[in-house]
Amino acid sequence: MHIKHLLFDLDDTLYPSSSNMNAGINRRMMECVADFFNCSIEEAKELKKKNIIHHSTTLEWMRSEGFTDIEGFLAKVHPENEADELPEQPGLREFLLSLNIPKSILTNAPHEHADRVLKKLGIADLFECVTDIRDGNFYGKPYENAYRAALKKVGADVENTLFLDDLQKYTDGWNALGGTAILIGPTNGLPLADDAKAMTNKDRSTWGKTIRLPSIYQLPEILGDL
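Here the structure is a predicted model, which is why all the values come from computation and not from measurement.

Draft legend 1. Layout of the packing of aromatic side chains. According to the stated counting rule, one finds ten aromatic pairs in the structure shown. Ring geometry for Phe36 against Phe67: centres 5.3 Å apart, planes inclined by 85°, an arrangement best described as edge-to-face. Here the residue Phe36 occupies a position in helix H1 (residues 20-37), and Phe67 occupies one in the loop between helix H3 (58-64) and helix H4 (70-77), the gap between them amounting to 31 residues. A relative accessible area of 14% places Phe67 in the buried class. With 4.8 Å between their ring centres and 50° between their planes, Phe95 and Tyr217 make a pair best called tilted. Taken together, the residues span a long stretch of sequence, with Phe95 in helix H5 (residues 92-98) and Tyr217 in the loop between strand E6 (210-213) and helix H9 (219-223) at a distance of 122 residues. One aromatic cluster is present, built from ring pairs that chain together Phe36, Phe37, Trp61, Phe67 and Phe73. Its guanidinium or amino end placed over the ring of Trp207, Arg204 lies 4.2 Å from that ring's centre, counting from NZ or CZ.

Below, the structure is given as structure tokens:
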């Protein structure tokens, strides 16, 4: 495999999942779920735990239940001051610069969230572009159209692109296209159920492979072997 492009997830991949940013996003998301289902936060967490394995995102799950205020949801979950919760990541810029391969971002968050995070981390100029949830008509990873939209923006292909994400269901989506993925971190969530629309009718005999790494900083150790 000759890697010509690196396609990065954003949240919990470029920075650790233990950051306050992750906690803030999850808290506001559960508030949206609780408001929609008219239940407590604890009940909202249980509902999500039960249903999320059938859906690509919390937003997709809520839409399947009749939720329609997509932009309101995104604005609530990603307020303008959200980057205040994200600590600086010393050494991240220098590390990314050391990877002499073109890079872009694929996120299930809105573009404005990506802009805030990349600006706070001081790395916005290191990525060719961002593909967000709107680019896939609000059906993001692991739907095939999300990955294809990201590849189209940079003129790359699955065979020569390495995808990095912290959630298995999203690396599974990339594998289903025949691509090689890097699964980042120790906590990777549950794979999607077999009945999930994003992954139905996928022939596993044609899947690519996934390599697990503790963080993106171990990437140089395996690049030469791909």
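This is not the end of the story, as more comes after the structure.
Draft legend 2. Region of interest: the pairing of strand E5 (residues 180-184). Burial analysis of E5 places five of its five residues in the buried class, the great majority of the element. Neither face of E5 is exposed, since Thr180, Ile182 and Ile184 on one face and Ala181 and Leu183 on the opposite face are all buried. In this structure, strand E4 (residues 161-165) lies alongside E5, joined through four bridges in parallel fashion. Residue pairing in the sheet places Phe163 in a bridge with Ala181 of E5. The β-α-β motif built from E4, the intervening helix H8 (residues 168-175) and the parallel element E5 has right-handed crossover chirality. Here E5 pairs with E6 via four bridges, running parallel.

Draft legend 3. Spotlight on the layout of surface pockets. Reported here for the largest pocket is a volume of approximately 1,100 Å³. In terms of lining residues, the largest pocket is bounded by 38 residues, among which Asn22, Asn26, Met29, Lys48 and Leu167 are the most central. Secondary structure elements with two or more residues in the lining of the largest pocket: H1, helix H2 (41-51), H3, H4 and H8. The element contributing the most residues to the lining of the largest pocket is H1, with five residues. Considering only residue class, the lining of the largest pocket consists of 15 nonpolar, 13 polar and ten charged. In this structure, the second largest pocket encloses a volume near 170 Å³. The class makeup of the residues in the lining of the second largest pocket is eight nonpolar, six polar and two charged.

Rules behind the numbers
Residues numbered from 1 in each chain as written. Predicted model: local features only at pLDDT ≥ 70, side-chain atom pairs only at ≥ 80, totals over all residues. Heavy atoms only, no water. Phe/Tyr/Trp six-rings, centres within 6.5 Å; stacked < 30°, edge-to-face > 60°. Helix = DSSP H or I, 4+ residues; strand = E, 2+ residues; numbered from the N terminus. Buried < 20%, exposed > 50% of the residue type's maximum accessible area, 1.4 Å probe, protein only. Lys NZ or Arg CZ within 6 Å of the ring centre and 35° of its normal. Pairing = 2+ DSSP bridges. Right-handed = clockwise from strand over helix to strand, strands pointing away. 1 Å grid on protein atoms, 1.4 Å probe; cavity = no way out; pocket = protein on both sides within 12 Å on 5 of 7 lines; lining within 4 Å. Points joined across faces, edges and corners; volume = space filled by probe spheres on them. Nonpolar A, V, L, I, M, F, W, Y, C, P; charged D, E, K, R; others polar.

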